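Each chain, written out:
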Amino acid sequence: MLPCYLSHRKMGKSWKQLPDKTSVLWKRLGGSTHQEPHAVLEVEVSGLRKTALPMRPRVSLQDSALRNGNFSLRISPVRSEDAGLYEARVVHNTKVQSCHVELGVITVTLSPPSPVVENEPLLLRCNSSHRASLVEMCWFHSGSPVPTSRTFCSSHGALSIFRPATSDAGSWRCQLRYSDNETISAMYNLQILGFDGPTSPVVYAAAGSAADLPCTLSYLPTAFGINAVTAHWSRLAGGHLQDWGISHNSSSRSFPLHLPAVGLGDAGQYRCAVSVGSRTISRDVTLAVVTVTPSIQGPVSEGSHLLLLCSLTHPQGHERFQWKQLNSASTNSKLARAASHNLERYRFQMGPTLEIPHVSQKDTGTWECSVYGPEGRLGAVEYGLQITGAQVSSPPTIFSGQVTFGLTLTFFLLLTVCVLALALQKRARPPAFPALDGMVAITVPRKKEVEENQKEKIQQTEC
């Protein structure tokens, strides 16, 4: 915005008629590319507007501001060739007023042009049209000053970044201080096409589990007008190069590699290569496999001394291990309480080795070894502990006694009912042969008489 304001005092009593009898002419008196004065924008008394072809439609005046004495010229967007001296000539009735404004342009240019690919050297150059001598130049990244180092080098109005990373993307500002104490600055938003996440990512996975290796670009290639994108994974294992093809997809910036079930043989370094246009960028990803090795193979006997060793392939040196029991197979209340105490004893035990001096049934269940780093939990592996001779828990004693007593009482009641039923049935039944019963009753006394007569005869014989 090139300012030009005329006060009410200068315009006099005819101020109210200003919009109807006023003409404005903006001229450029000189510059780096145009030395001859030439008109930029003219507003005639009739309201007709004339604009120089090279600056159309980047220049304008605000109609609503004219009646308030504001004849400022707006240039958007500003280009480096717009630098120079400008003059505004305002004619109101017979009065002529003028404004002189010098436009200084400061620009930041990038080499090579966007898109910038990570690890490829780049140059940020700060240019200014200010005529005074340059005394000092400073660079700022996201508000913080950038010192000269092996990565950054500032000289002769330019900043060199030898191995740019995605962390170098964002807002950059160059600040110039001149001999006339003038300080000017310019901003530049730097975009670097690379990969999201850490420079050397490590994925931790338990043996036998699935793993996804990340490969995500920092920007969509289409943001740079690039539609040709291909990606593939490779791994050098045992002298043999393994390849995995990834489908072409310019609308996505993520190309992960899915491994359904990893083992020790899958641990190692993988490489993701993405071809964006005519350039190829790559990222190495390390797969670390977490395993548990017991000192006793197979089922463990009660009373044994057991060691569980949690190991990690390709350690980075900052990992920490933690053991804990996730659940216990005991269902008996006493064993469950004992397992709870055991859980407290082994909860959050640090270190790669878990030692159980005397294995008991309360130790049966799933044990988990977690791997932690500075950023938190990285991965985990589980181990199922089985103990030989483990008995299936019986119901509580009280409940068993109640069942036995109930069954005995029921059997006794059924037996009593059967006996009573038979007795009642026998008493209520009538005799089937009543004459036979009378004969039996009569013959019984006759039998007794015969026996007595026989005894008398025997006695007489003896005499």
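See the structure above.
Residues numbered from 1 in each chain as written. Predicted model: local features only at pLDDT ≥ 70, side-chain atom pairs only at ≥ 80, totals over all residues. Heavy atoms only, no water.

Visitor: Sorry if this is basic, but what is going on with the nonpolar core here?
Guide: Across soluble globular proteins, nonpolar side chains have a tendency to be buried as a group. In terms of nonpolar packing, the biggest core is built from 28 residues, with L213, W233, F255, V274 and L287 touching the most fellow members. When residues of this core are traced back to their parent elements, those giving at least two are β18 (202-206), β19 (211-213), β20 (229-237), β22 (257-259), β23 (268-276) and β24 (279-294). Discounting chain neighbours no more than four positions away, the residues touching L213 are V203, W233, P256, L257, L259, Y270, V285 and L287. (Core = buried A, V, L, I, M, F, W, Y, C linked by side-chain atoms within 4.5 Å. Buried < 20%, exposed > 50% of the residue type's maximum accessible area, 1.4 Å probe, protein only. Helix = DSSP H or I, 4+ residues; strand = E, 2+ residues; numbered from the N terminus. Contact = heavy atoms within 4.5 Å.)

Visitor: Please clarify how the state of the cysteines should be interpreted in this entry.
Guide: Structurally, a disulfide amounts to a covalent bond that connects the sulfur atoms of two cysteines. The tally for this structure, following the rule as stated, stands at 4 disulfides. A disulfide bridge connects C126 with C174, and the sulfur atoms are separated by 1.9 Å. Here C126, found in strand β10 (residues 122-128), pairs with C174, found in strand β15 (residues 170-178); they are 48 residues apart in sequence, far enough to count as distant. When its relative accessible area of 8% is taken as the criterion, C126 is described as buried. (Disulfide = S-S within 2.5 Å.)

Visitor: Help me understand the sheet that holds β10 in this model?
Guide: Two pairing modes exist for strands in a sheet, parallel and antiparallel, and in both the strands are linked by backbone hydrogen bonds. Spatially, the 4 strands line up as an open sheet ordered β8-β10-β14-β13, and their pairing is antiparallel. Because the sheet does not close on itself, it has two edges, and the strands there are β8 (106-111) and β13 (152-155). Strand-to-strand twist in this sheet, taken as the mean axis angle between neighbours without regard to direction, amounts to 15°. Bridge count between β10 and strand β14 (residues 158-161): 4 bridges; the pairing is antiparallel. Paired with L124 across the bridge in β14 is L159. (Pairing = 2+ DSSP bridges. Axes fitted to C-alpha atoms, helices over the stretch in contact; angles between N-to-C directions.)

Visitor: I tried to follow unusual backbone geometry on my own but got confused; where do I start?
Guide: A negative phi angle is the norm for most residues apart from glycine, just as the trans form is the norm for most peptide bonds. Between R56 and the following residue, P57, the backbone shows a cis peptide bond with an omega angle of 0°. Positive phi outside glycine occurs at N119, with the angle close to 75°. Assignment of secondary structure puts N119 in the loop between β9 (116-117) and β10. Residue N119 is classed as partly exposed on the basis of its relative accessible area, which comes to 39%. For H314, which is not a glycine, the phi torsion comes out positive at approximately 55°.

Visitor: Just to check I follow, could you spell out the pairing of β24 for this structure?
Guide: Along any regular strand, the residues point their side chains to alternate faces of the sheet. One ladder, built from 5 bridges, connects β18 with β24; its direction is parallel. Looking at β24, one finds that Y204 is bridged to A288. Sheet topology places β23 next to β24; 9 bridges connect them, and they run antiparallel. Bridging across to β24, G268 finds its partner in L287. Here β23 hands over to β24 after 2 residues, with G277 in that stretch at a positive phi of 65°. Pairing geometry for β24 and strand β26 (residues 306-312), over 5 bridges, is antiparallel. For V292, the partnering residue across the bridge sits in β26 and is C310.

Visitor: Just to check I follow, could you spell out a nonpolar patch on the surface for this structure?
Guide: A cluster of nonpolar side chains, L409, F412 and L413, forms an exposed patch at the surface whose accessible area comes to about 310 Å². Among the structural elements, F412 can be located in helix α4 (residues 397-428). (Patch = residues over 30% accessible without salt bridge, like charges linked within 9 Å, V, L, I, M, F, W, Y side chains within 5 Å. Areas by Shrake-Rupley, 256 points an atom, 1.4 Å probe, with all protein chains shown as cover. Salt bridge = Lys/Arg side-chain N within 4 Å of Asp/Glu carboxyl O.)

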